[in-house]
Amino acid sequence: MELECSVQNYAWGKLGSGSVVAQLLKSSTPEFVLEDDKPYAEFWMGTHPNGPSILKQEQIPLSKFIEENKTTLGAVAKECGPNLPYLFKVLSVRKALSIQVHPNKEQAERLHQEQPEIYKDPNHKPEIAIALTTFEALCGFRPIPEIRNFLKYLPELRAAIGENEVSHFLCCDEEEMENSLRKCFSSLMSQGPDLIAQQLRKLLERLSNLDQATRNLLNAKLLERLHLDYPGDVGCFGIYLFNYLILQPGEALYLGANELHAYLFGDCVECMACSDNVVRAGLTPKFKDVGTLIKMVSYASKPAADQKFQALRENECTEVFLPPIQDFAVARITIPPGRSTFNTIPRKSASILIIINGEVQLLDSRIFGRGSVLFIPANETINFKVLHEKVSTVMFQAFANIP
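Thresholds, definitions, all that
- Residues numbered from 1 in each chain as written.
- Predicted model: local features only at pLDDT ≥ 70, side-chain atom pairs only at ≥ 80, totals over all residues.
- Heavy atoms only, no water.
- Phe/Tyr/Trp six-rings, centres within 6.5 Å; stacked < 30°, edge-to-face > 60°.
- Buried < 20%, exposed > 50% of the residue type's maximum accessible area, 1.4 Å probe, protein only.
- Lys NZ or Arg CZ within 6 Å of the ring centre and 35° of its normal.
- Pairing = 2+ DSSP bridges.
- Helix = DSSP H or I, 4+ residues; strand = E, 2+ residues; numbered from the N terminus.
- 1 Å grid on protein atoms, 1.4 Å probe; cavity = no way out; pocket = protein on both sides within 12 Å on 5 of 7 lines; lining within 4 Å.
- Points joined across faces, edges and corners; volume = space filled by probe spheres on them.
- Nonpolar A, V, L, I, M, F, W, Y, C, P; charged D, E, K, R; others polar.

J.: What should I look at first to understand the packing of aromatic side chains in this one?
T.: Here a ring pair, both rings aromatic, is described through the centre-centre distance and the interplanar angle of the planes. In total, this model carries 11 aromatic pairs according to the counting rule given. With a centroid separation of 5.8 Å and 40° between ring planes, the pair formed by Tyr10 and Trp12 is classed as tilted. Its relative accessible area of 31% is what places Tyr10 among the partly exposed residues. Three or more aromatic residues joined by ring pairs make a cluster, and in this case those are Phe141, Phe185, Phe242 and Tyr299. Directly above the ring of Tyr230 sits Lys95, whose terminal nitrogen or CZ lies 5.5 Å from the centroid. Here the guanidinium or amino end of Arg148 rests over the ring plane of Phe169, the centre of that ring lying 5.6 Å away.

Right, here's the structure in full:
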């Protein structure tokens, strides 16, 4: 069953035809009028009330169809009611989303109880991002030696954190390392905005006079870009504490509870648990809950390469990303040139499939192309005929992570 899906026009989204979200919508909906100066940020697929999908032919909400046909949900029917346990998305990011963490279930329940106007539900919000284009993100704390090197070369960063905390961090032993990092991060995020803005201006001026090799080592272009979008924001200093990753198409990040991250630029497929719980602390005009984030965030340090989440191969065309939660998993299906048919793997829960590239035909002769989104009941297989054998056909399929 084909779905009509919602688009979110958040200000950070890519503009016009430069957005993969807009491209997918235009390809699948001929009547859609694309506006070049409008941001197209997110393409939502699922039953989330803020952007519910509709069955295209029947013109009824997907949640209503599920409620009337509960067996289509499969193994998650008892837990989910009329809803899917995940929200499937495509994101097109033009400027940074906030530095943030997501709570675990226990934390989410407490935050919802204490501040329901900010944390609107009691659910956790793990998510996975799989790059469609070159995709930039911050994720987790850098290895300690990298942070120490930046502190040695950047007096502005030391001043923004505080010399006492920095001095201890530079000479403390391994047993004290995580606690010392927590104190440095807490001090940085708690500083007054005037001090942060002053030190950022000093750093930017100094970077502008350095040779290109040194600028590259100090991530000067990234800092300048972030500061242009969020002038004086403490999150700009985060690039020296957090891993800066550039994902290539097909590479992924899994973001579990309390994993600090920020998407910076690019297009990706994202899948997440159904929740709106985000604790923010920088690179955003939205509400910042700095104290909560400082308490929640994981201070584990590891190399950038270790942040990438690896897929498992299921067959010659399918690799699957299986995070350590039951809410969702995502399969990436790549049908190579020259192959004329393909059958999807049956899943134990209802799934949603989006075509990113190529064109296919079903046994009933219906044709679906780029941007088409299909709802697939649990335990069903779809038999595709590939219509353009000279190009790769690429699809993503989200489903509950049921063994």
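J.: Whenever I open this one, the sheet that holds strand E23 (residues 373-376) confuses me. Can you help?
T.: Pairing between the strands of a sheet comes from backbone hydrogen bonds, and it takes one of two forms, parallel or antiparallel. Spatial strand order, E16-E17-E18-E25-E20-E23: 6 strands in an open sheet with antiparallel pairing. Across the chains shown, the open sheet's two edge strands, defined by having one partner strand only, are strand E16 (312-313) and E23. Sheet analysis places strand E20 (residues 351-357) next to E23, joined by 4 bridges and oriented antiparallel. Each residue of the ladder has a partner; that of Ile352, found in E23, is Phe375.

J.: When you look at the sheet that holds strand E21 (residues 360-361) in this model, what are you seeing that I'm missing?
T.: One open sheet accounts for 4 strands, arranged E19-E24-E21-E22; its pairing is antiparallel. Each end of this open sheet is capped by a strand with a single partner; those strands are strand E19 (341-343) and strand E22 (367-368). Across 2 bridges, the pairing between E21 and strand E24 (residues 383-386) is antiparallel. Pairing of Gln361 across the sheet is with Lys385, part of E24.

J.: I tried to follow the layout of surface pockets on my own but got confused; where do I start?
T.: Gaps left between atoms show up when a probe the size of a water molecule is rolled over them. Here the largest pocket is characterised by a volume of approximately 790 Å³. What lines the largest pocket is a set of 39 residues, among which Tyr10, Trp12, Val278, Arg280 and Lys286 lie closest to the centre. Only strand E5 (42-45), strand E8 (86-93), strand E14 (261-273) and strand E15 (279-282) provide two or more residues apiece to the lining of the largest pocket. The leading source of residues in the lining of the largest pocket is E14, at 5 residues. Class assignment for the residues of the lining of the largest pocket results in 19 nonpolar, 8 polar and 12 charged. Volume-wise, the second largest pocket comes out at about 500 Å³. If you trace the second largest pocket, you find 22 residues lining it, with Cys80, Pro85, Asn123, Cys274 and Asp327 closest to the centre.

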